[in-house]
Amino acid sequence: MTAPVKAVKSLTQKFAPLRSVLDQLDGLGILAWGVLMLKYSVSGELRLLIHPNYFGLVTVTGFVLLFLGGLRLFQTGRRWLKRARRSGNGNQNSVTHVAVLPLGMGTALLLVTAVMGLFITPSVFSSQLAIQRGISTTLPPTQTQISSFASQIKPEDRTLVDWVRTISAYPEPDVYAGQKVNVTGFVVHPDYLPDNYLLISRFILTCCAVDAYPVALTVRLEGSRSQYPPDTWLTIQGQMVAATLPSSPDQGRQGGEKRQVVVEAQSVEVVPTPADPYSYAD
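The rules behind these values
- Residues numbered from 1 in each chain as written.
- Predicted model: local features only at pLDDT ≥ 70, side-chain atom pairs only at ≥ 80, totals over all residues.
- Heavy atoms only, no water.
- Core = buried A, V, L, I, M, F, W, Y, C linked by side-chain atoms within 4.5 Å.
- Buried < 20%, exposed > 50% of the residue type's maximum accessible area, 1.4 Å probe, protein only.
- Helix = DSSP H or I, 4+ residues; strand = E, 2+ residues; numbered from the N terminus.
- Salt bridge = Lys/Arg side-chain N within 4 Å of Asp/Glu carboxyl O.
- Phe/Tyr/Trp six-rings, centres within 6.5 Å; stacked < 30°, edge-to-face > 60°.
- Lys NZ or Arg CZ within 6 Å of the ring centre and 35° of its normal.
- Pairing = 2+ DSSP bridges.

Draft legend 1. Fine view of the nonpolar core. Membership of the largest hydrophobic core comes to 26 residues, with the highest contact counts inside it found for Trp-163, Ile-200, Val-215, Leu-217, Val-219 and Met-240. For this core, the secondary-structure elements that each account for two or more residues are helix H6 (160-169), strand E1 (180-188), strand E2 (197-205), strand E3 (213-220), strand E4 (233-246) and strand E5 (257-270). Looking at this core element by element, the count peaks at five residues for H6. By size, the runner-up hydrophobic cluster in this structure holds 23 residues, among which are Phe-125, Ala-216, Ala-243 and Val-262.

Draft legend 2. View of the pattern of salt bridges. A full pass over the atoms with the stated rule returns five salt bridges. For Arg-259, the salt bridge goes to Asp-174, with nearest N and O atoms at 2.7 Å. Residue Arg-259 is located in strand E5, and its partner Asp-174 is located in the loop between H6 and E1; the two are separated by 85 residues in the primary sequence. According to the relative accessible area criterion, Asp-174 is partly exposed, its value standing at 42%.

Draft legend 3. The packing of aromatic side chains, seen in detail. Evaluation of the coordinates by the stated rule reveals six aromatic pairs. Taken together, a centroid distance of 5.5 Å and an interplanar angle of 35° make the contact between Phe-125 and Tyr-278 tilted. Of the two residues, Phe-125 sits in the loop between helix H3 (100-119) and helix H4 (127-133) while Tyr-278 sits in the loop between E5 and strand E6 (279-280), which places them 153 residues apart along the sequence. The residues Phe-125 and Tyr-278 share a single accessibility class, namely buried. Ring geometry for Phe-203 against Tyr-278: centres 6.3 Å apart, planes inclined by 75°, an arrangement best described as edge-to-face. Taken as a pair, Phe-203 in strand E2 and Tyr-278 in the loop between E5 and E6 lie far apart in primary sequence, 75 residues in all. Note on accessibility: Phe-203 and Tyr-278 belong to one class, buried. A connected cluster of aromatic rings, assembled from ring pairs, spans Phe-125, Phe-186, Phe-203, Trp-233 and Tyr-278. Sitting above the plane of the Phe-125 ring, Arg-133 keeps its charged end 5.2 Å from the centroid. Across from the ring centre of Trp-163, 4.6 Å away, lies the NZ or CZ of Arg-158, which sits over that ring.

Draft legend 4. Spatial organisation of the pairing of E3. Burial analysis of E3 places seven of its eight residues in the buried class, which makes it a mostly covered element. Two strands pair when backbone bridges link them, and E2 and E3 are joined in this way by eight bridges, in the antiparallel orientation. The residue bridging Phe-203 from the neighbouring strand is Pro-214, located in E3. Judged from the two bridges that link them, E3 and E5 form a sheet pairing that is parallel. Along E5, the bridge assignment pairs Arg-220 with Glu-264.

In structure tokens:
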């Protein structure tokens with residue numbers, strides 16, 4: 001037997017136990033991801049991460065990963081037993097490809113990420129993130145649908161997002177004056193508005209949390225907004241009025257003013273964070 005072949009066999013025998021352990025951990029990582037997906041599905045936390053259209057896909061994927069992870073553990077267990085029998089019989093002619101570093105790194109990343117997901121609870125997006133992502137009182141042009149404006153929903157039955165869609169489709173403030181409003185969202189304190197104004201906002205998910213974007217309605221209060229800290233969830237009842245206010249810096253008119261639709265609050269109620277805090281693009 002040549003020296004190179006002996007070296008390969010020696011290296012293979014040396015790392016065989018480690019390779020077996022890594023194979024087992026690989027199976028555990030796949031299992032952990034299956035458990036994580038099913039945990040999110042059962043607990044309802046999935047609604048904080050992706051659009052409801054994909055709930056079924058995630059649940060099915062979770063079961064598939066459980067099956068694949070179990071199968072991987074079963075197969076690696078059989079290989080370990082066969083290797084142990086061959087070793088006991090003095091038969092060590094099997095040569096296995098050794099790639100310890102890449103396999104070890106991939107396995108560790110897969111398993112650690114899944115375990116972290118099992119113990120870290122997804123949190124609802126905050127007002128600070130809304131400001132960072134550029135909160136707007138209108139929808140992006142690609143999301144504005146004229147059909148939303150033509151909807152026969154009564155003004156008092158419109159959600160916050162329904163109002164934003166309607167105003168985006170037809171942004172004439174005086175058209176909405178006097179219409180009743182009953183909306184729920186979280187508080188944002190924009191620096192450019194007076195102290196008796198706040199934004200009531202919600203995030204809209206198109207596909208997943210990564211592409212979520214915030215929309216809001218401007219609310220005029222009777223007193224200071226300091227009584228409603230940022231991230232507080234409110235249900236606000238009132239009516240629409242037209243007002244001239246400083247423009248948001250995101251609108252490229254910093255220092256200017258803009259006539260816009262404003263909710264004149266008549267009733268403000270602090271409410272718990274909803275179990276389903278996001279709205280979803282159609």
